[in-house]
Amino acid sequence: MTALLLIDVQLDFLPGGALAVPEGDAILQMLNDLQPHFDLVVATQDWHPAGHRSFASTHPGQAVFADIEWQGLPQRLWPDHCVQGSPGAALHPALNLNRVEAIFRKGIAPDIDSYSAFFDNGHRRSTGLAAYLRGRGVTHVFVAGLAADYCVYFTAKDALQEGFAVTVLEDATRGIAPDSIAAAWADLRAQGAQLASSHTVLSTGPTA
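Residues numbered from 1 in each chain as written. Predicted model: local features only at pLDDT ≥ 70, side-chain atom pairs only at ≥ 80, totals over all residues. Heavy atoms only, no water.

1. Concerning the nonpolar core
Phase 1: Leu4, Leu5, Phe118, Leu133, Val141, Val166 and Trp185 are the most contacted members of the largest nonpolar core, which totals 62 residues.
Phase 2: Examining the composition of this core, we find that eight residues originate from one element, helix α3 (residues 148-161), more than from any other. (Core = buried A, V, L, I, M, F, W, Y, C linked by side-chain atoms within 4.5 Å. Buried < 20%, exposed > 50% of the residue type's maximum accessible area, 1.4 Å probe, protein only. Helix = DSSP H or I, 4+ residues; strand = E, 2+ residues; numbered from the N terminus.)

Structure follows, in structure tokens:
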């Protein structure tokens with residue numbers, strides 16, 4: 001069975017949002033078109049409590065996008081974004097949710113960031129996504145959404161470590177910076193992930 005993972009298609013990550021990914025809205029129609037081609041569709045949401053420690057605002061004297069160490073882990077400090085219940089945390093209204101079977105929320109623990117849909121950044125807490133996918137008989141996950149070089153990348157990386165076959169739909173993602181996107185793709189290829197075009201899926205279907 002195949003699953004399509006729609007990563008963080010939230011208003012704060014789209015143009016006009018608090019942490020907008022360039023051209024993030026360009027993939028919305030593609031994500032909707034892809035969904036009928038998969039056995040299962042799952043979405044994720046960044047879902048931070050107010051005052052999350054990944055926010056620069058909680059570290060006096062530190063600038064947005066500064067890199068620090070926090071709880072023994074590297075941490076980039078972000079603008080406040082995807083705060084629980086805020087308009088910016090909502091999935092984009094143009095994203096079709098009719099085939100989305102479940103929405104997994106991440107970044108809920110106030111003291112640690114969570115890029116991946118499977119674990120927080122320290123692998124201290126699981127979201128339960130891996131067990132859910134296994135319970136539904138999924139063996140191959142296809143990853144799309146935002147942002148390519150952060151949450152898409154870490155989700156794909158953890159999916160590989162959890163034993164799933166992984167394909168990243170490269171044109172159905174958008175990222176923060178060209179250099180970090182290229183590094184993410186190279187690392188995923190080296191670990192055994194496939195990169196593919198959504199057009200291949202739309203024309204021939206996913207390969208389980």
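Still more ground to cover, so stick around.
2. A short note on the UniProt feature "domain: Isochorismatase-like" (unreviewed entry) in the chain
Phase 1: UniProt tags residues 2-198 as "domain: Isochorismatase-like" (unreviewed entry).
Phase 2: Secondary structure over residues 2-198 splits into 22% helix and 24% strand, and the C-alpha atoms at its two ends are 14 Å apart. (UniProt positions renumbered as here; feature names shortened; annotations may be inferred.)

3. A short note on the pairing of strand β6 (residues 140-146)
Phase 1: Among the seven residues in β6, seven count as buried, and that is most of the element.
Phase 2: By the alternation rule, side chains of β6 split into His140, Phe142, Ala144 and Leu146 and Val141, Val143 and Gly145, which are all buried.
Phase 3: The pairing of strand β1 (residues 2-7) with β6 spans six bridges and is parallel. Pairing of Leu5 across the sheet is with Val143, part of β6.
Phase 4: Looking at chain direction, β6 and strand β7 (residues 165-174) are connected through six bridges and run parallel. (Pairing = 2+ DSSP bridges.)

4. Quick word on the sheet that holds strand β5 (residues 100-106)
Phase 1: The parallel open sheet is built from six strands, whose spatial order is β5-β2-β1-β6-β7-β8. Strands at the two margins of the open sheet, each flanked by one partner only, are β5 and β8 (194-196). Sheet twist, expressed as the mean angle between neighbouring strand axes with direction ignored, is 25°.
Phase 2: Bridge analysis of β1 against strand β2 (residues 40-46) gives four bridges, and the strand direction is parallel. (Axes fitted to C-alpha atoms, helices over the stretch in contact; angles between N-to-C directions.)

5. Side note on the packing of α3 against helix α4 (residues 178-191)
Phase 1: With their axes 10 Å apart at the nearest point, α3 and α4 run at an angle of 10° to one another. By the criterion of interaxial angle, the relationship of α3 to α4 is roughly parallel. For the pair α3 and α4, the contacting residues are Ala148, Asp149, Val152, Tyr153, Ala156, Lys157, Leu160 and Gln161 in the first and Ser180, Ile181, Ala184, Trp185, Asp187, Leu188 and Gln191 in the second.
Phase 2: Class assignment for the residues of the contact of α3 with α4 results in nine nonpolar, three polar and three charged. (Parallel < 35°, antiparallel > 145°, perpendicular 65-115°, else oblique. Contact = heavy atoms within 4.5 Å. Nonpolar A, V, L, I, M, F, W, Y, C, P; charged D, E, K, R; others polar.)

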